[in-house]
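Here is what each chain is made of, one letter per residue.
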Amino acid sequence: MELNKVDKLVHSRAKILIFAAFAFALWQFAWIGSDIIKGTESSIIHLITGLVILGSMLWVAACYFFYSFSKKVKKANAFDALNDELTHKNKRQAFMVGYFTLFGMIWLLIPATDFWDLDLLLFIRTIAVLAIVVPILLFSYLELKNDQGAE
Amino acid sequence: MQSEQKYFANHLKVLRAQRNYTQADLAELVGVTRKTINTIENRVFIPSAFLALKLAKAFELTVEDIFYFEEH
């Protein structure tokens with residue numbers, strides 16, 4: 001099956017989103033990691049700082065890819081096709097999963113504070129990152145799956 | 001008594017073949033992605049009334065000529 005212009009853009013969007021989610025997760029989780037080991041004399045601080053820098057650079061690259069992608073969409077005049085009903089359905093599904101991830105993890109965190117002395121700020125940051133990354137990855141997956149019998 | 005279940009089915013693939021349209025051709029005609037057409041054909045995705053009417057217009061048929069209930 002030969003991919004047409006809109007198909008290529010759909011695949012390209014999903015790949016950019018996966019890359020962006022990975023970059024954002026690396027940047028934020030490494031940052032959270034650096035805050036955890038801050039004040040200790042751990043030797044991995046340099047490695048974690050490196051990961052924070054790498055993650056932030058990859059995030060900048062992802063932003064550039066988004067910009068470049070939006071120019072391609074404009075050039076192909078494919079904005080409406082790329083935001084059709086199936087895409088909206090996939091977006092809704094991904095946002096619902098993101099919402100329940102956020103909601104579920106917060107409701108797990110509340111009773112967990114009764115048992116352990118947790119650093120709430122770090123956990124809230126972790127949950128916030130997951131609530132962004134999970135729907136992006138799910139949306140990308142939904143955009144790429146269910147294409148059996150494509151002609 | 002066993003209840004009958006209704007499934008939203010369509011003749012899209014047959015109609016497309018009769019007119020020598022590829023999924024991409026039809027997608028372009030109605031302004032969606034090729035995958036949207038594929039998922040409708042495979043009954044993974046049920047289109048809105050708006051898209052169903054657009055598809056009917058593209059084939060110069062009525063919505064009922066394309067979409068129907070299949071009972072199991």
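Refer to the structure presented above.
Attention in this report is confined to the structure presented alongside it.

Reading the values: the criteria
- Residues numbered from 1 in each chain as written.
- Chains lettered and ligands numbered in written order.
- Predicted model: local features only at pLDDT ≥ 70, side-chain atom pairs only at ≥ 80, totals over all residues.
- Heavy atoms only, no water.
- Axes fitted to C-alpha atoms, helices over the stretch in contact; angles between N-to-C directions.
- Helix = DSSP H or I, 4+ residues; strand = E, 2+ residues; numbered from the N terminus.
- Parallel < 35°, antiparallel > 145°, perpendicular 65-115°, else oblique.
- Contact = heavy atoms within 4.5 Å.
- Nonpolar A, V, L, I, M, F, W, Y, C, P; charged D, E, K, R; others polar.
- Salt bridge = Lys/Arg side-chain N within 4 Å of Asp/Glu carboxyl O.
- Buried < 20%, exposed > 50% of the residue type's maximum accessible area, 1.4 Å probe, protein only.

Focus: the packing of helix α2 (residues 23-30) of chain B against helix α3 (residues 34-41) of chain B
All names here are of chain B.
Okay, step 1: The geometry of α2 relative to α3 is characterised by a closest axis approach of 8 Å and an angle of 110° between their N-to-C directions. By the angle class used here, α2 and α3 are roughly perpendicular. In this structure, α2 contributes Gln23, Ala24, Leu26, Ala27 and Val30 to the contact, and α3 contributes Arg34, Ile37, Asn38 and Glu41.
Okay, step 2: Along the lines of polarity and charge, the residues of the contact of α2 with α3 split into five nonpolar, two polar and two charged.

Side note on the pattern of salt bridges
Okay, step 1: Applying the stated rule across the entire model yields seven salt bridges over all chains.
Okay, step 2: Two residues, B:Arg34 and A:Asp7, come together in a salt bridge whose shortest N-O distance is 2.5 Å. One end of the pair, B:Arg34, is in helix α3; the other, A:Asp7, is in helix α1 (residues 5-37), on a second chain.
Okay, step 3: On the accessibility criterion, B:Arg34 (3% relative accessible area) is buried.

Some thoughts on unusual backbone geometry
Excluding glycine, most residues fall at negative phi; most peptide bonds, likewise, are trans.
All names here are of chain B.
Okay, step 1: The phi torsion at asparagine 20 lies on the positive side, around 55°, for a residue other than glycine.
Okay, step 2: With respect to the helices and strands, asparagine 20 occurs in the loop between α1 (12-18) and α2.
Okay, step 3: Of note, the phi angle at arginine 43 is positive, near 60°, even though the residue is not glycine.

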